[in-house]
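Spelled out from the first residue to the last, the chains are:
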Amino acid sequence: MAGTTLTSLAGTIFAEEGLITAMNAIAPIKEFAHRFTEAEKAPGSTIKIPVFTAKAAQDFDGDYTKNADAAEGVDLLIDKHKFDSKVYSDTDFAQCPVAFWKGAGQAVGKSVGLGICKTVTDLITADTLTGTGAVFSPSAGTKKQLAALSAQCEKNDFNPAESILLCSGDVYTQILSLMDAHVYGGPEAIREGSLLPGLYGFKRIVRCPTLTVNAAVVHCDAIGYGGALLAPQSKQVLEEFGYTQDEASGLAIGVRRFGVNTSGKNYIVGEILMGAKLLQPTKGFIVAAQ
């Protein structure tokens, strides 16, 4: 569920539609360690990403606090400013055609969401992930090759059930061709680009449009990312300023609306200040095409 601090009808429609679209765009990376905050930050600030470590269960001896540990807080530099803006007329704002503001919000949300996703997937390269790789052909990959990717996780000393298989469009299509719909989960696999959890031992198998390699297997704790709102230099010069936030993930996108007297144009902007960091490079590997 989304909430917004925007007060105008146009701003509210724009913000809520933008958030929904941005959430869809970052779906391929949603399992990685992350933290979003609605607090206003400046570029170069840091936020802490919680990373939890699983350990063996203890035998109860009357004390629940024994050997309890806190989440490790990893400092994340938020040094990327992702935004998109649209021009609107005085009439657009006064009459508030719903289709116009929905379309503007969706376009900006997609741009910002893909910007977040690309910042994360740009960390996934043959130079950065140090686990021993494997092979899956985007045109002739087999079920045996796919199963071998799961086994390769264990050879690299991490659990495939806690890992994501990120696929280029060609690899994802090839995987779909290997299975019937009742196996891979039905039409949502095509509409949303995500297969049923647990297939071939992976937490998820997803299509990732911003991925620059053939495919990659990455543990959920191997990458951390997060974001915050950008503090404006002066809110007094803005006609409207606020944000919209997803209550479940915490993703918050800032919205500012203003006019430029010299040009006579009005602008509405969606933005986020964010960063991403490779936390455990050994818990991931590249899947080459051959």
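Residues numbered from 1 in each chain as written. Predicted model: local features only at pLDDT ≥ 70, side-chain atom pairs only at ≥ 80, totals over all residues. Heavy atoms only, no water.

(A) The arrangement of empty space enclosed by the protein in detail. For the structure shown, the criterion picks out one cavity of 30 Å³ or more. The volume enclosed by the largest cavity comes to roughly 40 Å³. In this structure, the largest cavity is lined by F14, A15, G18, L19, G105, V108, G109, I253, V255 and G270. Within the residue set of the lining of the largest cavity, elements represented by two or more residues are α1 (9–25), α3 (98–121) and β12 (252–260). The biggest single contributor to the lining of the largest cavity is α1, with four residues. Its residues assigned to classes, the lining of the largest cavity comprises six nonpolar, four polar and no charged. (1 Å grid on protein atoms, 1.4 Å probe; cavity = no way out; pocket = protein on both sides within 12 Å on 5 of 7 lines; lining within 4 Å. Points joined across faces, edges and corners; volume = space filled by probe spheres on them. Helix = DSSP H or I, 4+ residues; strand = E, 2+ residues; numbered from the N terminus. Nonpolar A, V, L, I, M, F, W, Y, C, P; charged D, E, K, R; others polar.)

(B) Seen up close, α1. For α1, which comprises 17 residues, the first-to-last C-alpha distance of 24 Å matches the rise-based estimate of 24 Å (1.5 Å per residue) to within 8%. Most of α1 is tucked away: 12 of the 17 residues are buried. Every buried residue of α1 is accounted for by A10, G11, T12, I13, F14, A15, E17, G18, L19, T21, A22 and A25. (Expected span 1.5 Å × (residues − 1). Buried < 20%, exposed > 50% of the residue type's maximum accessible area, 1.4 Å probe, protein only.)

(C) Looking closely at the pairing of strand β9 (residues 215–219). When you tally the buried positions in β9, you get five out of five residues, the bulk of the element. Burial along β9 is two-sided: the residues A215, V217 and H219 and A216 and V218 are all buried. Two strands pair when backbone bridges link them, and strand β7 (residues 163–167) and β9 are joined in this way by five bridges, in the antiparallel orientation. Each bridged residue has a counterpart across the sheet, and for L166 the counterpart in β9 is A216. Of the pairings in the sheet, the one linking β9 to strand β14 (residues 284–288) comprises four bridges and is antiparallel in character. By the bridge assignment for β14, A215 is matched with V287. (Pairing = 2+ DSSP bridges.)

(D) Molecular detail of the pattern of salt bridges. A complete count under the given rule lists nine salt bridges for this structure. A salt bridge links K48 to D75, with the nearest nitrogen and oxygen atoms 2.8 Å apart. Here K48, found in strand β3 (residues 45–51), pairs with D75, found in strand β4 (residues 72–78); they are 27 residues apart in sequence, far enough to count as distant. Judged by its relative accessible area of 42%, K48 is partly exposed. We classify D75 as partly exposed; its relative accessible area is 39%. (Salt bridge = Lys/Arg side-chain N within 4 Å of Asp/Glu carboxyl O.)

(E) Quick look at the nonpolar core. Counting 41 residues, the largest nonpolar core has F32, I116, I124, L166, V218 and L251 as the members making the most contacts within it. When residues of this core are traced back to their parent elements, those giving at least two are α1, α3, β7, β9, β10 (223–230), β12 and β13 (265–278). Element by element, the count of residues in this core is highest for α3, at seven residues. Leaving out residues up to four positions away in the same chain, I116 has contacts with I26, I29, Y225, L251, I272 and M274. In terms of nonpolar packing, the next biggest core, distinct from the first, is built from 21 residues, F136, C167, Y172 and M179 among them. (Core = buried A, V, L, I, M, F, W, Y, C linked by side-chain atoms within 4.5 Å. Contact = heavy atoms within 4.5 Å.)

(F) A look at the sheet that holds β9. Taken in spatial order, the five strands make up an open sheet running β6-β14-β9-β7-β8, and their pairing is mixed. If you trace the sheet from one side to the other, it starts and ends with β6 (134–135) and β8 (204–207), each paired once.

(G) Spotlight on the packing of aromatic side chains. Counted under the stated rule, the structure contains seven aromatic pairs. The interplanar angle of 35° and the centroid separation of 4.5 Å between the aromatic rings of F60 and Y64 together place this pair among those described as tilted. One exposure class covers both F60 and Y64, and it is exposed. Taking the centre distance of 5.6 Å and the plane angle of 20° together, the rings of F258 and Y267 count as stacked. Taken together, the ring pairs in this structure connect Y88, F93, F100 and W101 into an aromatic cluster. (Phe/Tyr/Trp six-rings, centres within 6.5 Å; stacked < 30°, edge-to-face > 60°.)

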